[in-house]
Amino acid sequence: MLATLKQTAELVDFFRLNGVKQNYKKNDIIIRGDTHPDGVFYITEGLVKAYDITKYNEENLLIIRKSEEIFPIIWAITGHDRKVTYQAIAQTTVFKVSRRSFLKFVNNNPDALTPILDMTMEMYRIHSERIMTLEYRTVRERIISFLLSMSQRFGKYLSNGDLLIEAPLRHQDIASSVNATRETTTREITALERKGLIENKQSFIIIKDLKSLSHHL
């Protein structure tokens, strides 16, 4: 990461001092894909899923935003609206500012661009890994690659050595990320569970053996 603690703190202070605090329950829609964003959001707590709707009327997971991140970051900087829906997938608290206020702050405080660049590079890394995941030939390999990528971003080791991905992932979310049907995805996840490599508890994936799972690629 390029940003210093001071640069990050200044960006956070801007949102806290100038933003409107809003709380969202799990599954609340924060920005609808069929409406124009009404502000720039900084997450202080929680998780926010960004997705669009395919021509088959299915949700296509784009990214999951976590605490200390801004969304919609592309619209905030460029003004380009991509028709993306943002939905809280956990109890979430944000501070919202207007895009005009956000751009004024960035223009007057060039150092604020550094933590924003860090967020942008993280988003680029995630999307690059998604492209690399799609290079695998089988659905099982693509699912494993996706889970390993998610474990880097949301992984938390439990006392027994298991690795919990602290972000709820529905089978449809995984399927859309690996270019597979939900039915095939469910079948492959079940197969990985039977091998003792993962455990699926109420949309939370636990990696039981990270080394062995990695060796299946």
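For the structure, see preceding data.
All values derive from a computational prediction rather than experimental measurement.

Chemist: What exactly am I supposed to notice about the packing of aromatic side chains here?
Modeler: Note on aromatic pairs: each is described by the distance of the centres and the angle between the planes. Tallied over the full model, the rule gives 6 aromatic pairs. The interplanar angle of 75° and the centroid separation of 5.3 Å between the aromatic rings of Phe-14 and Phe-15 together place this pair among those described as edge-to-face. Neither Phe-14 nor Phe-15 differs from the other in exposure class; each is buried. Arranged with centres 5.0 Å apart and planes meeting at 25°, the rings of Phe-71 and Tyr-86 form a pair that is stacked. With a gap of 15 residues between them, Phe-71 in strand β6 (residues 70–71) and Tyr-86 in strand β7 (residues 85–88) connect regions that are remote in the sequence.

Chemist: I'm lost on the packing of helix α1 (residues 5–18) against helix α3 (residues 99–108) in this one. Help?
Modeler: Geometry of a packed helix pair, given as the angle between the helix axes and the separation of the axes. Between α1 and α3, the least distance of the axes is 12 Å, while the angle of their chain directions is 150°. When the axes of α1 and α3 are compared, the pair comes out roughly antiparallel. Relative to α3, the crossing made by α1 is right-handed. Listed contacts from α3 to Glu-10, Leu-11, Phe-14 and Phe-15 of α1 are Ser-101, Phe-102 and Phe-105.

Chemist: Explain the packing of helix α5 (residues 139–154) against helix α7 (residues 182–194) to me, please; I cannot follow it from the model alone.
Modeler: Relative to each other, α5 and α7 sit at 70°, their axes nearing to 10 Å. Judged on the interaxial angle alone, α7 and α5 are roughly perpendicular. The segment α5 lies against α7, with Val-139, Arg-140, Ile-143 and Ile-144 engaging Thr-184, Thr-185, Glu-188, Ile-189, Ala-191 and Leu-192. Here the contact of α5 with α7 is composed, by residue class, of 6 nonpolar, 2 polar and 2 charged.

Chemist: Any chance you could explain the side chain of Glu-129 here in plain terms?
Modeler: Inspection of the secondary structure puts Glu-129 in helix α4 (residues 113–133). Here the side chain of Glu-129 touches Arg-125 through a polar contact of 2.8 Å, side chain to side chain. Polar contacts involving the side chain of Glu-129 include one to the side chain of Ser-149, which spans 2.4 Å. Among all residues touching Glu-129, those that are not within four sequence positions of it are Ser-149 and Gln-152.

Chemist: How should I be thinking about the layout of surface pockets in this particular structure?
Modeler: A probe as big as a water molecule, rolled over the atoms, marks out the empty space that is left. One number sums up the size of the largest pocket: a volume of about 340 Å³. Elements with a contribution of two residues or more to the lining of the largest pocket: α1 and α4. A per-element tally of the lining of the largest pocket places α4 first, with 4 residues. Here the lining of the largest pocket is composed, by residue class, of 6 nonpolar, 3 polar and 6 charged. In terms of lining, the second largest pocket is formed by 14 residues, of which the most central are Thr-54, Asn-60, Ala-175, Ser-176 and Asn-179. Secondary structure elements with two or more residues in the lining of the second largest pocket: β5 (59–66) and α6 (171–178). A total of 5 residues in the lining of the second largest pocket trace back to one element, the largest contributor, which is α6.

Reading the values: the criteria
- Numbering of residues begins from 1 in every chain and follows the order in which that chain's sequence is written.
- This being a predicted model, a pLDDT of at least 70 is required before a residue's local features are given, and a value of 80 or more before pairs of side-chain atoms are given or counted; all residues contribute to the totals for chains, interfaces and linings.
- In computing side-chain properties, one takes all heavy atoms of the structure into account and sets aside hydrogens as well as water.
- Stacked, edge-to-face and tilted labels apply to pairs of Phe, Tyr and Trp rings (six-membered ring for Trp) whose centres lie within 6.5 Å, assigned for plane angles under 30 degrees, over 60, and everything in between, in that order.
- Using a 1.4 Å probe on the protein chains alone, a residue whose accessible area is under 20% of its type maximum counts as buried, one over 50% counts as exposed, and one in between counts as partly exposed.
- The secondary structure listing takes helices from DSSP runs of H or I that are at least 4 residues long and strands from runs of E that are at least 2 residues long, numbered from the N terminus.
- Axes, fitted as lines to C-alpha atoms, cover a helix only where it is in contact. Angles between the N-to-C directions of the axes lie from 0 to 180 degrees.
- Oblique is the label for every angle not falling under 35 degrees (roughly parallel), over 145 degrees (roughly antiparallel), or within 65 to 115 degrees (roughly perpendicular).
- By convention, the crossing between two helices is left-handed when the near helix turns anticlockwise from the far helix through less than a right angle, and right-handed when the turn is clockwise.
- For this analysis, residues touch if any pair of their heavy atoms sits within 4.5 Å.
- Polar here means any residue other than Ala, Val, Leu, Ile, Met, Phe, Trp, Tyr, Cys and Pro, which are nonpolar, and Asp, Glu, Lys and Arg, which are charged; Gly is therefore polar.
- Whenever a nitrogen or oxygen atom comes within 3.5 Å of another N or O atom, the pair is scored as a polar contact, on the condition that within protein one atom can donate a hydrogen and the other can accept it, and that pairs from neighbouring residues in sequence are kept only if both atoms are in side chains.
- Think of a 1 Å grid over the protein atoms and nothing else: a 1.4 Å probe that fits but is trapped marks a cavity, an open set flanked by protein within 12 Å on at least five of seven lines marks a pocket, and residues with an atom within 4 Å of a point count as lining.
- Grid points are joined across faces, edges and corners, and a volume is the space filled by probe spheres set on the points.

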